Amino acid sequence: MTSTKTLRTTSAAEACETACTTGRLLETVAIGDVHGRADLLEALLEEVTSAPERRRVVFLGDIVDRGPDSRLALKLVAQELEASSQSFLLLGNHEELMLKFLDERHKGGPFHIWMQNGGVATLRAFDLDPHLDPYRIAEILSDFDEVQVLRKGKDMLLSDEFAFVHAGVRPEIPLDQQARFDVRWIREPFLSFKNSFGKMIVHGHTPTATGLPELHGNRINLDTGAFATGRLSAVHLTADESAFCFLQADGSVHGGVKVRNCLPAVAEATHQDGRTSM
């Protein structure tokens, strides 16, 4: 079992069983960066969406770009938000790039920045030619129902023990005072900060080197590079947030997508008083 109090890990299967059976209020499933891998997202949602009255899903952003089917990925997110008013979409930097293109009066600059950062794949998922006039692309794209789900996106979700964001937070700034740019874009000094953020941060944005979720003493990284690795990861929290387990939809091998429990890569743990231990 992985406990938020002790940061102790045994088998993922044991932890997942705890997460699925002991919660009496609302369990939370947080899902890392999708980047157009709708096949992985669909498989993961099928695994965790039983008993929707007992759980919520938190999407950590970067649903779009790079991968082959951003349109279907957005549709799956929209369906989950419609099915459960307790589920949330947090916006990532790639949603920001897309929305800036759609919302800015002058399209040229935002369009080219978005295209240089994976937006071409998103346009193709909507059967749009990236060589069309950007103003026409924006007009057509804005009419799709799947795009409207981005208007429901949030920047951060706070619970008793956890803070859910796309990229991270700026150290030593109160969580309720974080800048939008930081929660969508930050890497350093967030990633190298060893002390407490006040809550355990659950984030994506920076792909892990191992293709596995990373468990640190003060944060959990769920970006396992789905577009490049074929692995989409999630963390499943018990309703009382006393334990959690990790799940991964793996499409990296032949035979289709398989959802399995996985152990995280465990980094040096950081305690609330600043002590560290292995």
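Because the structure is a prediction, the values reported are computed rather than measured. Sequence order as written defines the numbering, with residues in each chain counted from 1. With the structure being a predicted model, the display of local features is reserved for residues of pLDDT at least 70 and the display and counting of side-chain atom pairs for 80 or more, all residues being used for whole-chain, interface and lining totals. The basis for every side-chain value is the complete set of heavy atoms in the structure, and neither hydrogens nor water enter the calculation.

**Things to note about the state of the cysteines**
Throughout, a disulfide means two cysteine sulfur atoms within 2.5 Å of one another. Applying the stated criterion across every chain, the model contains zero disulfides. Its sulfur unpaired, Cys262 is 8.8 Å from the next cysteine sulfur, which belongs to Cys245. The cut-offs for exposure are 20% and 50% of the maximum accessible area for each residue type, with area from a 1.4 Å probe on protein chains only; residues under the lower value are buried, those over the upper are exposed, and the others partly exposed. The class for Cys262 is buried, based on a relative accessible area of 3%.

**A look at the nonpolar core**
Counting residues in hydrophobic clusters, the biggest one holds 43 residues, and the most contacted among them are Ile31, Leu41, Phe59, Ile63, Leu141 and Leu232. Contacts between residues were defined by any pair of non-hydrogen atoms, one from each residue, lying within 4.5 Å. Apart from the residues within four sequence positions on either side, Leu141 is in contact with Met98, Leu102, Trp114, Leu123, Phe126, Leu128 and Val147. Definition used in this section: a nonpolar core is a set of buried Ala, Val, Leu, Ile, Met, Phe, Trp, Tyr and Cys residues joined via side-chain atoms within 4.5 Å. Of all hydrophobic cores here, the second largest spans 17 residues; its members include Ala30, Phe162, Val235 and Leu237.

**Let's talk about the pattern of salt bridges**
By definition, a salt bridge exists where a carboxyl oxygen of Asp or Glu is found within 4 Å of a side-chain nitrogen of Lys or Arg. Under the defined criterion, the tally for this structure stands at twelve salt bridges. Residue Arg260 pairs with Asp250 through a salt bridge whose shortest N-O separation is 3.9 Å. With a gap of ten residues between them, Arg260 in strand β12 (residues 258-262) and Asp250 in strand β11 (residues 243-250) connect regions that are remote in the sequence. Overall, Asp250 belongs to the buried group, its relative accessible area being 11%. Each of Glu96, Asp155, Arg180 and Arg184 takes part in one network of salt bridges that share partners. The numbering of helices and of strands both runs from the N terminus, where a helix is a DSSP run of H or I of at least 4 residues and a strand a run of E of at least 2.

**What about the environment of Gly36?**
Tracing the backbone shows Gly36 in the loop between β2 (27-31) and α2 (38-48). Since its relative accessible area comes to 0%, Gly36 is described here as buried.

**A short note on the confidence of the model for the chain**
pLDDT expresses how confident the predictor is about each individual residue, on a scale running from 0 to 100. On average, residues of the chain score 89 in pLDDT, and 86% of them are at 70 or above. The model gives residues 4-24 a pLDDT under 50, and that stretch makes 50 contacts with residues more than four places away or in other chains. Note that residues 270-278 has pLDDT below 50 and, in this model, 16 contacts with residues that lie over four places away or in other chains.

**Thoughts on the packing of aromatic side chains**
A pair of aromatic rings is counted whenever rings of Phe, Tyr or Trp (Trp by its six-membered ring) have centres within 6.5 Å, and the orientation is called stacked for planes under 30 degrees apart, edge-to-face for over 60 and tilted otherwise. For the structure on display, the rule yields nine aromatic pairs. With a centroid separation of 4.8 Å and an interplanar angle of 65°, the aromatic rings of Phe126 and Phe144 are classed as edge-to-face. In this pair, Phe126 sits in the loop between α5 (108-125) and α6 (134-141) while Phe144 sits in the loop between α6 and α7 (145-148), placing the two residues 18 residues apart along the sequence. In this structure Phe144 comes out as buried when scored by relative accessible area, which is 17%.

**Focus: the side chain of Gln248**
Positionally, Gln248 belongs in strand β11. Since its relative accessible area comes to 0%, Gln248 is described here as buried. Two N or O atoms count as a polar contact when they lie within 3.5 Å, although within protein this holds only if one can serve as hydrogen donor and the other as acceptor, and sequence-adjacent residues are included solely when both atoms are side-chain atoms. For Gln248, the side chain forms a polar contact with the main-chain oxygen of Gly211, separated by 3.0 Å. A polar side-chain atom of Gln248 sits 2.7 Å from a polar atom in the side chain of Arg260. Filtering out sequence-adjacent residues up to four positions away, Gln248 remains in contact with Gly211, Leu212, Pro213, Thr224, Arg231, Leu232, Ser233, Lys258, Val259, Arg260 and Cys262.

**What to know about helix α4 (residues 93-103)**
Within α4, eight of the eleven residues are buried, leaving the element largely enclosed by the surrounding structure. All buried positions along α4 are accounted for by Asn93, His94, Glu95, Leu97, Met98, Leu99, Phe101 and Leu102. Against α5, α6, α7 and α8 (180-185) lie the buried residues of α4.

**Describing the packing of α4 against α6**
Angular values range over 0 to 180 degrees, each being the angle between N-to-C directions of two axes fitted as lines to C-alpha atoms, with helices fitted over their stretch in contact. Where α4 meets α6, the closest approach of the two axes is 9 Å, and the angle between their N-to-C directions is 105°. If you check the angle between α4 and α6, you find them roughly perpendicular. Residues Met98, Phe101 and Leu102 of α4 lie in contact with α6, whose contacting residues are Pro134, Ile137, Ala138 and Leu141. Looking at the contact of α4 with α6, its residues break down into seven nonpolar, no polar and no charged. Roughly parallel refers to an angle under 35 degrees, roughly antiparallel to one over 145, roughly perpendicular to one between 65 and 115, and oblique to any angle outside these ranges. Nonpolar residues are Ala, Val, Leu, Ile, Met, Phe, Trp, Tyr, Cys and Pro. Charged residues are Asp, Glu, Lys and Arg, and all others, Gly as well, are polar.

**Here we look at the environment of Phe193**
Relative to the helices and strands, Phe193 is located in the loop between α8 and β7 (200-203). Judged by relative accessible area, which is 16%, Phe193 ranks as buried. Setting aside chain neighbours within four positions, we find Phe193 in contact with Pro171, Glu172 and Asn218.

**A word on the sheet that holds β7**
Strands sit in the order β5-β6-β7-β9-β8-β13 across an open sheet of six strands; the sheet is mixed. Edge strands, defined here as strands with exactly one partner in the open sheet, are β5 (157-158) and β13 (265-266). Pairing geometry for β7 and strand β9 (residues 219-221), over three bridges, is parallel. Among the inter-strand pairings, His203 is bridged to a residue of β9, identified as Asn221. Here, any two strands with at least 2 DSSP bridges between them count as paired.

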